[in-house]
Amino acid sequence: VSQKILIVDDDEDIRRLLNMRLRTQEYQTVFASDGTNALAIARRERPDLVLLDLGLPGGDGFSVMERMRHLADLQMTPVVVVSARVDPMTKQLALEAGAAAFVGKPVDKDELFAAIDSALAAS
Amino acid sequence: VDATSARSRAAWLGGALLVLGLLAGFALVLVHSQERSRRELEQRFSLRASLAARFVQTYVRELADLERRQASRDLAGATVSEGDFDRFVGTFGFKAAVLLDDQGRALHVYPSRPALRGVNLADRYLHLRRALRGDVGVSSVVLSAARGVPIVAVAVQYGEPGRRRIFSGAFEPGSAPIASYLRNVLPIAGSRLTVTDENGNLVVGTPGTAGTEEELFVAEQELTGIPWRVTASVPQSNLFEPVSGWTRWVPWFVFGAFAVAAAIVLLAVRRLGQQRAALARRNLELQKLDRLKDELIALVSHELRTPLTSIHGYLDLVLEGRTGDLTAEQREFLAIVRRSADRLLALVNDLLFLAQAEAGMLKLTLEPADLVALAEESLQSARPNADAAGVELELDAPDSLAVEVDGSRIVQLLDNLVSNAIKFTPSGGHVRVLVARRADRASIVVSDTGMGISAEDQARIFSRFFRTAEAGHEAIQGTGLGLTITKTIAEAHGGSITVASEPGRGTRFTVELPVGAGREQRQQMLQEVAA
């Protein structure tokens, strides 16, 4: 059974791009475009991993991670943050908030897959 | 800020009022003391006038008394002969004299006027009537019929009841001791003292500045028992000389000087305060502007990343052939798009890096590393560009050189220097990277045989966005940020960068990094650089 990844990004082009990359690696994908939906879909779909943008409407990536940590069914799900906010401060805050890895935009596909592999292996 | 300025305004107002109050008080004291001095001078002058009056009164009474005593002794008894009378008058120096009986009729007259004998003179003269009543009689000023000079007569009564006589002797006041006394009683220049009778005729007086146009101070004193008046007058300027003239202005000069000094000090301090406030405002504006600039750079770099993510991602998908085969020309053109997108991303990264460094947010991850390996990594990635430009690229380094640095930043530094060297070196030239250790410092020297940099430009090449004119002419691509970033990285490591160049011959950049410096020390340097 292939693993399921939830892609959370408010930019449809980027959701589609990440989807194409993940499909070639035989991952299943589900999508959310804002923070509130992300949590609802995550609880319904029970993904193996979440690719999470930080700048989101309806609660940013940090609050999504915060709420995931308080939900029994989601607190073990690994999160890889994919964000354009690549400054060291944001990166550090994301990791402290519970992200397994941080991938900056524009996304390097090798870096992305390395982050996904290691996050899945650790969970 | 408004509350602060309102408070400081109130403080200023209070200070100014206090100073004004003090000055006004000072001025009042000065004016008061001047007034007091003037009053004192007036009183002193009036006192002298009344002294003069008393003297005149005493003198006249003494004179009358003397006459009475002399006359009662010398003229008492029998009928005084004409010769006796004349001798008596001569003894006292009277200019004229008359002896009357108890009815006021003339018995003797000197100088001899036979026509007056037996005439009742008391009917004619007030002072004789007063003498008849027993008072001291002093006449008005009369002109001596004989000599035409003003004379005054004193009349007294003497003798036993039933044989009363009135003696009246006239003297010239001007020649009397009164005049000399009056001259001395008023020592103030220009003062004048006069004794006038009830008709306003001058009895005696001192010469003065008659007819002066100056305002006079006048003190008058009536005599008692004698219908005369003593008048002392003096030009006010003379009377008040001790507190007038230029001396009278001295307190005002002092007051004025104080006021001017206080005003200057107030204005100067106020001006300083305003300048300080203006500077503070300006400083605040600059800080705001600086913050805005940093925020703008950070925002722009983030906002540019999202579209660049799509450009990169989809371009890669197409170039990978996911959408079908590409013609050679399609592939070539898309590769150009990809390189342009890469340059755009590099620019965004550079801007973000500098914004972070200036905000003090640049964090180095110092780890043990091999500087030679880092140099090899950088040269390897630069080799395709060097080959394309026809530039020979060589590394001169020992087997390894252990340092403690942020590896990715040092590679960034090397990439900047090496790619610059390749860009500015014409085909056939070469770029050499030398890595060596000197004492406790590691040095990286990147030299080329390129166009070189003028001495003038060498001083500015580390400034943000600076590009040499040659770079512009030769259409060599760049943002003018690479060397700024390189310098920032070198200094963040506690190192330095210098340039040496000869136009037309080549350029040599030398980076020196500490090898053995402790982590803490470098962290401290980093903070200083950031600050």
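Residues numbered from 1 in each chain as written. Chains lettered and ligands numbered in written order. Predicted model: local features only at pLDDT ≥ 70, side-chain atom pairs only at ≥ 80, totals over all residues. Heavy atoms only, no water.

## Thoughts on the overall build of chain B
Per the secondary structure count, chain B includes 13 helices and 17 strands. In chain B, which comprises 531 residues, the proportion classed as buried is 38%. Excluding contacts between residues fewer than 6 apart, the proportion of contacts in chain B whose partners are at least 24 apart in sequence is 64%. Accessible surface, chain B: about 29300 Å² in total, of which carbon and sulfur atoms supply 55%. (Helix = DSSP H or I, 4+ residues; strand = E, 2+ residues; numbered from the N terminus. Buried < 20%, exposed > 50% of the residue type's maximum accessible area, 1.4 Å probe, protein only. Contact = heavy atoms within 4.5 Å. Areas by Shrake-Rupley, 256 points an atom, 1.4 Å probe, with all protein chains shown as cover.)

## Overview of the overall build of chain A
Of the regular secondary structure elements, chain A holds 5 helices and 5 strands. Seen in sequence order, chain A has helices and strands lined up from the N terminus as β-α-β-α-β-α-β-α-β-α. A total of 123 residues make up chain A; the buried ones form 50% of that total. Relative to all contacts within chain A whose residues are 6 or more apart in sequence, the contacts with residues 24 or more apart total 59%. Here chain A has roughly 5700 Å² of accessible surface; of this, 47% comes from carbon and sulfur atoms.

## Examining the pattern of salt bridges
Residues and elements named next belong to chain A. Summed over the entire model, instances satisfying the criterion amount to 20 salt bridges over all chains. The closest approach of N and O atoms between aspartate 73 and arginine 43, which form a salt bridge, is 3.4 Å. Taken together, the positions of aspartate 73 in the loop between helix H3 (61–69) and strand S4 (79–83) and arginine 43 in helix H2 (residues 35–45) put the pair 30 residues apart, joining distant regions of the chain. On the basis of relative accessibility, which here comes to 24%, the residue aspartate 73 falls in the partly exposed class. (Salt bridge = Lys/Arg side-chain N within 4 Å of Asp/Glu carboxyl O.)

## Observations concerning the pairing of strand S1 (residues 4–8) of chain A
Residue and element names in this part refer to chain A. Here S1 lies mainly inside the structure; 5 of its 5 residues are buried. Residues Lys4, Leu6 and Val8 line one face of S1 and the alternating positions Ile5 and Ile7 line the opposite face, and both faces are buried. Pairing of S1 with strand S2 (residues 28–32), which is carried by 5 bridges, proceeds in the parallel orientation. Directly across from leucine 6, in S2, lies its bridge partner valine 30. As for the winding sense of the linkage, the β-α-β connection from S1 through helix H1 (residues 12–24) to S2 is right-handed. Direction of pairing for S1 relative to strand S3 (residues 49–52): parallel, over a ladder of 4 bridges. Looking at the pairing, valine 8 lines up with leucine 52 of S3. (Pairing = 2+ DSSP bridges. Right-handed = clockwise from strand over helix to strand, strands pointing away.)

## Thoughts on the interface of chain B and chain A
Each partner contributes to the interface: chain B provides 17 residues, whereas chain A provides 18 residues. Taken together, chain B and chain A are joined by 2 salt bridges. The closest approach of N and O atoms between arginine 21 of chain A and glutamate 320 of chain B, which form a salt bridge, is 2.8 Å. At the junction of chain B and chain A, the tally comes to 5 residue pairs in polar contact (both at pLDDT 80 or more). Secondary-structure elements contributing two or more residues to the side of chain B that touches chain A are helix H6 (250–319) and helix H7 (328–358) of chain B. Per-element tally for the side of chain B that touches chain A: the top contributor is H6 of chain B, with 11 residues. Of the residues contributing to the side of chain B that touches chain A, the split by class is 6 nonpolar, 7 polar and 4 charged. (Polar contact = N/O pair within 3.5 Å; in protein donor to acceptor, adjacent residues only side chain to side chain. Nonpolar A, V, L, I, M, F, W, Y, C, P; charged D, E, K, R; others polar.)

## With respect to empty space enclosed by the protein
Residues and elements named next belong to chain A. Evaluated as defined, the whole model comprises 2 cavities of 30 Å³ or more. Space inside the second largest cavity adds up to approximately 30 Å³. Those elements giving two or more residues to the lining of the second largest cavity turn out to be S1 and S3. Here the residues of the lining of the second largest cavity sort into 6 nonpolar, no polar and 2 charged. (1 Å grid on protein atoms, 1.4 Å probe; cavity = no way out; pocket = protein on both sides within 12 Å on 5 of 7 lines; lining within 4 Å. Points joined across faces, edges and corners; volume = space filled by probe spheres on them.)

## Considering the packing of helix H8 (residues 371–389) of chain B against helix H9 (residues 407–423) of chain B
Residues and elements named next belong to chain B. Where H8 meets H9, the closest approach of the two axes is 9 Å, and the angle between their N-to-C directions is 30 degrees. With respect to their mutual orientation, H8 and H9 come out roughly parallel. In this structure, H8 crosses over H9, and the sense of that crossing is right-handed. Two secondary-structure elements touch here, H8 through Leu371, Leu374, Ala375, Glu377, Ser378, Leu379, Ser381, Ala382, Asn385, Ala386 and Ala389 and H9 through Gly407, Ile410, Val411, Leu414, Asp415, Val418 and Ile422. (Axes fitted to C-alpha atoms, helices over the stretch in contact; angles between N-to-C directions. Parallel < 35°, antiparallel > 145°, perpendicular 65-115°, else oblique. Left-handed = near helix turned anticlockwise from the far one by under 90°.)

## Here we look at H3 of chain A
All names here are of chain A. Listed in full, the buried residues belonging to H3 are Gly61, Val64, Met65 and Met68. Projected down its long axis, H3 carries its buried residues within an arc of 95 degrees, all on one side. For H3, the secondary structure elements touched by its buried residues are H2, S3, S4 and helix H4 (88–96). (Arc of directions from axis to C-beta.)

## Things to note about the side chain of arginine 130 of chain B
By secondary structure assignment, the location of arginine 130 of chain B is in helix H3 (residues 126–133). Those residues within four positions of arginine 130 of chain B in sequence are excluded, and the remaining contacts are Asp135, Val136, Gly137, Gly225 and Pro227 of chain B.

## Let's talk about the sheet that holds S1 of chain A
Residue and element names in this part refer to chain A. Read from one edge to the other, the open sheet built from 5 strands follows the order S2-S1-S3-S4-S5, with strand pairing classed as parallel. Looking along the sheet, the strands with just one partner apiece sit at the ends: S2 and strand S5 (101–104). In this sheet, neighbouring strand axes are inclined to one another by 20 degrees on average, regardless of whether the strands run parallel or antiparallel. Running over the sheet, H1 touches S1, S2 and S3 and is turned about 165 degrees from S2. Along the sheet face, helix H5 (residues 109–122) touches S1, S3, S4 and S5 and points at about 170 degrees away from the line of S5.

## Describing the sheet that holds strand S10 (residues 229–235) of chain B
All names here are of chain B. Read from one edge of the open sheet, 4 strands run S8-S7-S10-S9, paired in antiparallel fashion. A strand with exactly one partner marks an edge of an open sheet, and here the two such strands are strand S8 (202–205) and strand S9 (216–222). Direction aside, neighbouring strands of the sheet carry axes that sit 20 degrees apart on average. Bridge analysis of strand S7 (residues 192–196) against S8 gives 3 bridges, and the strand direction is antiparallel. Residue threonine 196 lies in a different strand from S8, and its bridge partner there is leucine 202.

## Section: unusual backbone geometry
The amide bond that connects lysine 105 of chain A to the next residue, proline 106 of chain A, takes the cis arrangement and shows omega of 0 degrees. Counting through the fold element by element, proline 106 of chain A comes out in the loop between S5 and H5. Of note, arginine 46 of chain A is a non-glycine position whose phi angle comes to about 50 degrees, a positive value. Mapped onto the elements of the fold, arginine 46 of chain A is located in the loop between H2 and S3. We note that alanine 439 of chain B has phi near 50 degrees; this positive angle belongs to a residue other than glycine.

The values reported here are purely geometric and, on their own, carry no functional implication.
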